Amino acid sequence: MAENSSLNHATATDKPVPYSTGDSNITDTTIAEMRELAARYPVGRSALLPMLHLVQSVEGRVTPEGIEACAEVLGLTGAEVSAVATFYTMYKRRPVGEYHVGVCTNTLCAVMGGDLIFERLKQHLDVGNDETTEDGKITLEHLECNAACDYAPVMMVNWEFFDDMTPESATQLVDDLREGTEVKSPRGATICTWREAERVLAGFPDGRADEGPTGGKATLAGLRLARERNWTAPGGRGGSPAPIDSVPGPRPEDQPGRESGTGSPATPDSRKED
């Protein structure tokens, strides 16, 4: 592959997508579920965000038919729904592959190797930002901060974290996904398809919410240190400082986590590019 092949995939915005494919998967069942979502809120239009996730779970993206369905259920105009769907980057107007792979390229992840990972994956998959592999398996996107800087550089697959990544572990990860190998996040969750994840985000649980810990060792290092040194938290109004042990939240010993991404803990040498 030519060294400058990634330059041919700088962006997907110059590739047109049909306004409508004419083969919508929105059924009466989907409409009924939209109405169910709307009924969960005092004001029905508050359900628009989960409804758009539901559209993506059946359509693979936010389609014109999905926008029209949301508008009809909520009594909104198509323009009002489109304004929301085009504002948030989590809603996709282009078809998404079976697995959405996001690489954080914000400041800390970038300097820790995120840029190298993203460039390696573009070359390895022969796609650019916001493009999907020919087999429809992987959609690659660079992401802004994932709020997981303690495990930089970080990737996400269908919004599940993969910590302390390297170009090598990243390519192995996408290869496993394409081959159909069962993949688990280092935080415990089994990776499902993007459409299945979108259905969960819509508000229809898959029964696997408790897979894995809620926080890892690096995330809870400050809390662990405070307990070891008997530091106290500021008190409330008129109150005295409270011992750290009395502060609500996960205890480090209850949240084992893992310090690595898809294999053994990263060492200084293993985190460098070849």
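Residues numbered from 1 in each chain as written. Predicted model: local features only at pLDDT ≥ 70, side-chain atom pairs only at ≥ 80, totals over all residues. Heavy atoms only, no water.

Regarding the pattern of salt bridges
Pairs may arise between side chains of opposite charge once their charged atoms sit close together.
Point 1. What the rule picks out here adds up to 9 salt bridges.
Point 2. In this structure, Glu 141 engages Lys 92 in a salt bridge whose closest nitrogen and oxygen atoms are separated by 2.8 Å. With Glu 141 in strand E3 (residues 138-143) and Lys 92 in the loop between helix H4 (78-85) and strand E1 (99-104), this pair connects stretches of sequence that are 49 residues apart. One exposure class covers both Glu 141 and Lys 92, and it is buried. (Salt bridge = Lys/Arg side-chain N within 4 Å of Asp/Glu carboxyl O. Helix = DSSP H or I, 4+ residues; strand = E, 2+ residues; numbered from the N terminus. Buried < 20%, exposed > 50% of the residue type's maximum accessible area, 1.4 Å probe, protein only.)

Side note on the packing of aromatic side chains
Point 1. In total, this model carries 2 aromatic pairs according to the counting rule given.
Point 2. When the ring of Phe 87 is compared with that of Tyr 88, the centres are 4.9 Å apart and the planes differ by 85°; the resulting orientation is edge-to-face.
Point 3. Plain terms: the ring middles of Tyr 88 and Tyr 91 are 6.3 Å apart, the flat faces sit at 85° to each other, and that makes the pair edge-to-face.
Point 4. Given a relative accessible area of 35%, Tyr 88 falls into the partly exposed group.
Point 5. Taken together, the ring pairs in this structure connect Phe 87, Tyr 88 and Tyr 91 into an aromatic cluster.
Point 6. Its guanidinium or amino end placed over the ring of Phe 204, Arg 40 lies 5.2 Å from that ring's centre, counting from NZ or CZ. (Phe/Tyr/Trp six-rings, centres within 6.5 Å; stacked < 30°, edge-to-face > 60°. Lys NZ or Arg CZ within 6 Å of the ring centre and 35° of its normal.)

Comments concerning the environment of Glu 196
Point 1. By the secondary structure assignment, Glu 196 is in helix H7 (residues 194-202).
Point 2. Note on Glu 196: relative accessible area 44%, which makes it partly exposed.
Point 3. Taking the C-alpha atoms as reference points, Glu 196 and Val 58, separated by 138 residues in sequence, lie 9.1 Å from one another.
Point 4. A distance of 3.0 Å separates a polar atom in the side chain of Glu 196 from the backbone nitrogen of Thr 193. (Polar contact = N/O pair within 3.5 Å; in protein donor to acceptor, adjacent residues only side chain to side chain.)

Describing the layout of surface pockets
Point 1. In this structure, the largest pocket encloses a volume near 490 Å³.
Point 2. Forming the boundary of the largest pocket are 24 residues, of which Glu 160, Ala 189, Arg 208, Ala 209 and Glu 211 lie nearest the centre.
Point 3. If you list the elements that add at least two residues to the lining of the largest pocket, you get strand E5 (160-162) and H7.
Point 4. With 3 residues, H7 is the single largest residue contributor to the lining of the largest pocket.
Point 5. Here the residues of the lining of the largest pocket are counted per class, giving 11 nonpolar, 7 polar and 6 charged. (1 Å grid on protein atoms, 1.4 Å probe; cavity = no way out; pocket = protein on both sides within 12 Å on 5 of 7 lines; lining within 4 Å. Points joined across faces, edges and corners; volume = space filled by probe spheres on them. Nonpolar A, V, L, I, M, F, W, Y, C, P; charged D, E, K, R; others polar.)

Some points on the confidence of the model for the protein chain
Point 1. Overall, the predicted model of the protein chain reaches an average pLDDT of 83, with 76% of residues at or above 70.
Point 2. Throughout residues 1-13 the model reports pLDDT below 50, and contacts reaching past four residues in sequence, or to other chains, amount to 20 contacts.
Point 3. Low pLDDT (under 50) marks residues 254-274, which in the prediction has 47 contacts with non-local residues, meaning those over four places away or in another chain. (pLDDT = per-residue confidence, 0-100. Contact = heavy atoms within 4.5 Å.)

Side note on the sheet that holds E5
Strand pairing in a sheet takes place through backbone hydrogen bonds and is either antiparallel or parallel in direction.
Point 1. One open sheet accounts for 5 strands, arranged E2-E3-E1-E4-E5; its pairing is mixed. With one partner strand each, in any of the chains shown, strand E2 (131-132) and E5 form the two edges of the open sheet.
Point 2. Across the sheet, helix H5 (residues 107-125) lies against E1, E3 and strand E4 (155-157), angled at about 140° from E1, the strand it touches most.
Point 3. Sheet strands touched by helix H6 (residues 167-179): E1, E3, E4 and E5. Its angle to E4, the strand with the most contacts, is close to 5°. (Pairing = 2+ DSSP bridges. Axes fitted to C-alpha atoms, helices over the stretch in contact; angles between N-to-C directions.)

Some points on a nonpolar patch on the surface
Point 1. A surface patch of nonpolar side chains, amounting to about 300 Å² of accessible area, comprises Leu 49, Phe 87 and Tyr 88.
Point 2. Among the secondary structure elements, Phe 87 is positioned in the loop between H4 and E1. (Patch = residues over 30% accessible without salt bridge, like charges linked within 9 Å, V, L, I, M, F, W, Y side chains within 5 Å. Areas by Shrake-Rupley, 256 points an atom, 1.4 Å probe, with all protein chains shown as cover.)

Considerations on the pairing of E1
Point 1. Across the 6 residues of E1, 6 count as buried, placing the element largely inside the fold.
Point 2. Along E1, one buried face is formed by Tyr 99, Val 101 and Val 103 and the opposite face, lined by His 100, Gly 102 and Cys 104, is buried too.
Point 3. By the bridge criterion, 6 bridges tie E1 to E3 in an arrangement that is parallel. Across the sheet, Tyr 99 pairs through a bridge with Ile 138, a residue of E3.
Point 4. In the sheet, E1 pairs with E4 via 3 bridges, with the strands oriented antiparallel. Residue Val 103 lies in a different strand from E4, and its bridge partner there is Met 155.

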